Amino acid sequence: MLDQIKGLHHVTSMARDARQNNEFFTRKLGQRRVKKTVNFDAPDVYHLYYGDEAGTPGSVMTYFPFPNIGKGRHGVGEVGTTVYSVPEGTLAYWEKRFADEGVTGLSRGETFGEKRLAFAGPDGDGFALVEGKADARVPWTKGGIPADEAIRGFHSVSLRLKDGGATEELLKFMGYEEVDKSGNVRRLSVKNGNGADVVDIESLPTAAFADLGAGSVHHVAFAVENRAKQLEVRKALIDTGYGVTPVIDRDYFWAIYFRTPGGVLFEVATNEPGFDRDEDTTHLGEALKLPTQHQHLRPYLEQHLQKLEG
């Protein structure tokens, strides 16, 4: 069993409209846009990152807004719900805020003894807030949400799978342990993690497979401290039979990717070097940042990419 993985690093999804996406996360959720860059493989498309003040691993939601993308179809083989942690006793505040802001899909409930508020993103993305117990992570407080109510970072992701068994075994190999179960859902957690410690696996054997599109999660990334730890994880996964990509430089972290038995794309990303490698923390997410290979496209991109507020 591995011990290098410390919880979630980021979650990356697809969107249709960059301006709408930016407004949802920075205004409705009060998150900070910590990076405005482009998709390395499709540089005419933004890659937008939202999180806490510094873009701490375990807080960062990222998006590829493709203007002409079709709507995704939810099903199995995907991350069904991305869950944020908020302080105890704050769901009433968020429910009223979301209702006032026109956020859809609102539903109160309780899972594994935790109060939760489900809501939908602008493209039908599945989200929830959970009242986290004793979550000491420091929130971003300049996004219009009072510090006592603000999002602390991720709580968990929920995977929807035809059969969760093989993916559960993979997560246990990655250092997770089953800590609870309820019906067809298994909850796994990593000890001594970064706060974004939980993965739920929901087994739905008769459900149809998901189709990737706007509102779909593209991949979920797990955090390791540095490149040395990442290489240890990569070797262990390859030795176990997984097809893992070479290490890819994403400017703000190094990444490896592999497909899980249930069909979800996993990434293992380093905490280094971080989002302040090319702009000061006080100005994160303000300027368009381009990787070296796409710097020559700056005049075109600055003219043609959709203008964003903030």
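In what follows, the structure referred to is the one given above.
For clarity, every value in this text was computed on a predicted model and none was experimentally measured.

A. Region of interest: the overall build of the protein chain. Summing up its helical and strand segments, the protein chain has five helices and 16 strands in all. Relative to the compact-globule value of 19 Å for 310 residues, the protein chain shows a C-alpha radius of gyration of 18 Å, a close match. By its C-alpha atoms, the protein chain is 50 × 45 × 35 Å across when sized along the principal axes. Within the protein chain, the fraction of its 310 residues that count as buried is 55%. When contacts within the protein chain are restricted to residue pairs at least 6 apart in sequence, long-range pairs at least 24 apart make up 67% of them. Total accessible area computed for the protein chain in this model is approximately 13,200 Å², and 49% of it derives from carbon and sulfur atoms. Here the protein chain contributes 37 positive and 44 negative side-chain charges, whose respective centroids are spaced 2 Å apart.

B. Representation of the environment of Val220. The residue Val220 is located in strand E13 (residues 217-224) in this model. With a relative accessible area of 0%, Val220 lands in the buried category. In this structure, the C-alpha to C-alpha distance between Val220 and Phe253, residues 33 residues apart in sequence, is 14 Å. The residues touching Val220, leaving out its near neighbours within four places in the chain, are Leu8, His10, Val11, Val79, Val157, Val264, Leu265, Phe266 and Glu267.

C. Quick look at helix H3 (residues 165-173). All buried positions along H3 are accounted for by Thr167, Glu168, Leu170 and Leu171. With its buried residues spanning 160° around the axis, H3 presents them on a single face. Looking one or two residues past H3, Gly175 carries a phi angle of roughly 110°, positive in sign.

D. Local environment of helix H2 (residues 91-101). Listed as buried for H2 are Leu91, Trp94, Arg97, Phe98 and Glu101. Projected down its long axis, H2 shows its buried positions confined to an angular sector of 125°, all on one face. Of the exposed residues in H2, those oriented more than 90 degrees away from the buried face are Ala92, Lys96 and Asp100. On its buried face, H2 sits against helix H1 (18-28), strand E5 (78-86), strand E6 (107-111), strand E7 (114-120) and strand E8 (126-131). Within two residues after H2, Gly102 carries a phi angle of roughly 80°, on the positive side.

E. Up close: the pairing of strand E9 (residues 153-161). Counting buried positions along E9 gives nine out of nine residues, so the element sits mostly inside the fold. Pairing of E5 with E9 involves seven bridges; the strand directions are antiparallel. By the bridge assignment for E9, Ser85 is matched with Gly153. As paired elements, E9 and strand E12 (residues 198-203) share six bridges and run parallel to each other. Residue pairing across strands places Leu159 opposite Ile201, the latter belonging to E12.

Rules used in this analysis
Residues numbered from 1 in each chain as written. Predicted model: local features only at pLDDT ≥ 70, side-chain atom pairs only at ≥ 80, totals over all residues. Heavy atoms only, no water. Helix = DSSP H or I, 4+ residues; strand = E, 2+ residues; numbered from the N terminus. Rg over C-alpha atoms; globule rule 2.2 N^0.38 Å. Buried < 20%, exposed > 50% of the residue type's maximum accessible area, 1.4 Å probe, protein only. Contact = heavy atoms within 4.5 Å. Areas by Shrake-Rupley, 256 points an atom, 1.4 Å probe, with all protein chains shown as cover. Lys, Arg positive; Asp, Glu negative; His and termini not counted. Charge placed at Lys NZ, Arg CZ, Asp CG, Glu CD. Arc of directions from axis to C-beta. Pairing = 2+ DSSP bridges.

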